Amino acid sequence: MLRNSFQVEPLAPAIGAEIYGVDLAQGVDDALFGTIHQALMDHQVIFFRDQTIDPDQHMDLAKRFGTPLYSKKLKIYNDKYDSMSLLENDGTKIAVGSMWHTDNTDFEEPPMGSLLFCEVAPKVGGDTLFASMYAAYEALDSKTQAYLETL
């Protein structure tokens, strides 16, 4: 359900917003999902801070966006959901995804996005960064845009 304190606060001009006033553990009805989905379409990446959800709640929310996919590159986080992967770094190896990348673009039909839940984060570092390919394209000159349209 929509909460009276629901707010979407942009983080940067090109990409990202934080959503406040939502407790995802309470479930997401159609009205709330519509508002969340619109915020995602408007800002490309959305963040919900200070949430506590279990794997079932995580998967319920993911399914609102479409059918979750299995990522063959990662180990399964939860035996109940083969499409729920675990990203971890014990400090002894290079972390999965530590280099710039885009998730699952090698799929024949790549997913529209990823739903991440952070259980443990370092006090410093460990950032996940995002870039707007819409903004990158729009910043190109018209000749380069025209060339890219042919690809």
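A brief look at the structure comes next.

Take the packing of aromatic side chains next. Counting across every chain of the model gives two aromatic pairs. Between the aromatic rings of Phe33 and Phe65, the centroid separation amounts to 4.9 Å while the plane-to-plane angle is 70°, which identifies the pairing as edge-to-face. One end of the pair, Phe33, is in helix H1 (residues 30-43); the other, Phe65, is in helix H2 (residues 55-65), and 32 residues separate them in sequence. Exposure remark for Phe33: the relative accessible area of 12% places this residue in the buried category.

The next thing to look at is the pairing of strand E2 (residues 17-20). Bridging between strand E1 (residues 7-10) and E2 involves four bridges; their strand directions are antiparallel. Looking at E2, one finds that Val8 is bridged to Ile19. Between E1 and E2, which pair antiparallel one after the other, the connecting turn spans six residues, and Gly16 there sits at a positive phi close to 95°. Bridge count between E2 and strand E3 (residues 46-48): three bridges; the pairing is parallel. Each residue of the ladder has a partner; that of Ala17, found in E3, is Ile46. Taken together, E2, H1 and E3 form a β-α-β motif whose crossover is right-handed.

Right, let's talk about the pattern of salt bridges for a bit. Oppositely charged side chains can form a pair if their charged atoms are brought close together. One pass over the full model with this rule turns up two salt bridges. Two residues, Glu18 and Arg49, come together in a salt bridge whose shortest N-O distance is 3.2 Å. Of the two residues, Glu18 sits in strand E2 while Arg49 sits in the loop between E3 and H2, which places them 31 residues apart along the sequence. Since its relative accessible area comes to 10%, Glu18 is described here as buried. Accessibility expressed as a relative area gives 46% for Arg49, which makes it partly exposed. Put simply, Asp30 and Arg64 hold a salt bridge, and the shortest N to O gap is 2.7 Å. Taken together, the residues Asp30 in helix H1 and Arg64 in helix H2 connect sequence positions 34 residues apart. With relative accessibility at 62%, the residue Asp30 sits in the exposed group.

What counts as what
- Residues numbered from 1 in each chain as written.
- Predicted model: local features only at pLDDT ≥ 70, side-chain atom pairs only at ≥ 80, totals over all residues.
- Heavy atoms only, no water.
- Phe/Tyr/Trp six-rings, centres within 6.5 Å; stacked < 30°, edge-to-face > 60°.
- Helix = DSSP H or I, 4+ residues; strand = E, 2+ residues; numbered from the N terminus.
- Buried < 20%, exposed > 50% of the residue type's maximum accessible area, 1.4 Å probe, protein only.
- Pairing = 2+ DSSP bridges.
- Right-handed = clockwise from strand over helix to strand, strands pointing away.
- Salt bridge = Lys/Arg side-chain N within 4 Å of Asp/Glu carboxyl O.

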